Amino acid sequence: MASTFQPRRRPVRFSPRPAKPSFPSRPALPPAAVVDAVLRFHDVAVDQGGDRTLLRLSAHRLHQPEVEAALGAHATRAAGVAILWNERESQIIRVLEAA
């Protein structure tokens, strides 16, 4: 005689996959026009030591016509951008932007 045993069927329960942790997205880098304008028109240069200088645009300089023409719509963003400049190598070390 054949066995008639059948295991109890359990309802299928799907557990949702754990959500991946969301990392805060980085803000977009400043446009090249902003970096170029800070390099060309900077009027604030703070010596950082070791042949490094921090270059920025002052509020007065931002409102001059040639600077506004170079920046266009990015003039407000350029107010918070500073460039760490290497005097010896004549190159950008880092572009910093205020939060």
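Novice: Would you mind going over the side chain of Arg61 in detail, with residue names and values included?
Specialist: Tracing the chain through its elements places Arg61 in helix α2 (residues 59-62). Judged by its relative accessible area of 18%, Arg61 falls in the buried class. In this structure the side chain of Arg61 is engaged in a polar contact, spanning 2.9 Å, whose partner is the backbone oxygen of Phe41. Among the polar contacts made by the side chain of Arg61, one reaches the side chain of Glu66 at a distance of 2.9 Å.

Novice: Give a detailed account of the pairing of strand β3 (residues 81-86), specifying residues and quantitative values.
Specialist: By the criterion of burial, β3 is predominantly enclosed, with six of the six residues buried. Of the two faces of β3, the one carrying Val81, Ile83 and Trp85 and the one carrying Ala82, Leu84 and Asn86 are both buried. Taken together, the four bridges between strand β2 (residues 52-56) and β3 define a ladder with antiparallel strand orientation. Bridged to Arg52 within β3 is Asn86. Relative to strand β4 (residues 91-97), β3 runs antiparallel, the two being bridged by six bridges. Across the sheet, Trp85 pairs through a bridge with Ile92, a residue of β4.

Novice: Describe the sheet that holds β4, and please don't skip the residues or the numbers.
Specialist: A sheet is described by the order of its strands in space; here four strands give the open sequence β1-β2-β3-β4, paired in antiparallel fashion. At either end of the open sheet lies a strand with only one pairing partner, and these are β1 (44-49) and β4. Taking each pair of neighbouring strands and ignoring which way they run, the sheet shows an average axis angle of 25°. Pairing of β1 with β2 involves five bridges; the strand directions are antiparallel. Each residue of the ladder has a partner; that of Asp47, found in β2, is Thr53.

What counts and what doesn't
- Residues numbered from 1 in each chain as written.
- Predicted model: local features only at pLDDT ≥ 70, side-chain atom pairs only at ≥ 80, totals over all residues.
- Heavy atoms only, no water.
- Helix = DSSP H or I, 4+ residues; strand = E, 2+ residues; numbered from the N terminus.
- Buried < 20%, exposed > 50% of the residue type's maximum accessible area, 1.4 Å probe, protein only.
- Polar contact = N/O pair within 3.5 Å; in protein donor to acceptor, adjacent residues only side chain to side chain.
- Pairing = 2+ DSSP bridges.
- Axes fitted to C-alpha atoms, helices over the stretch in contact; angles between N-to-C directions.

Purely spatial values, then, with no claim about function.
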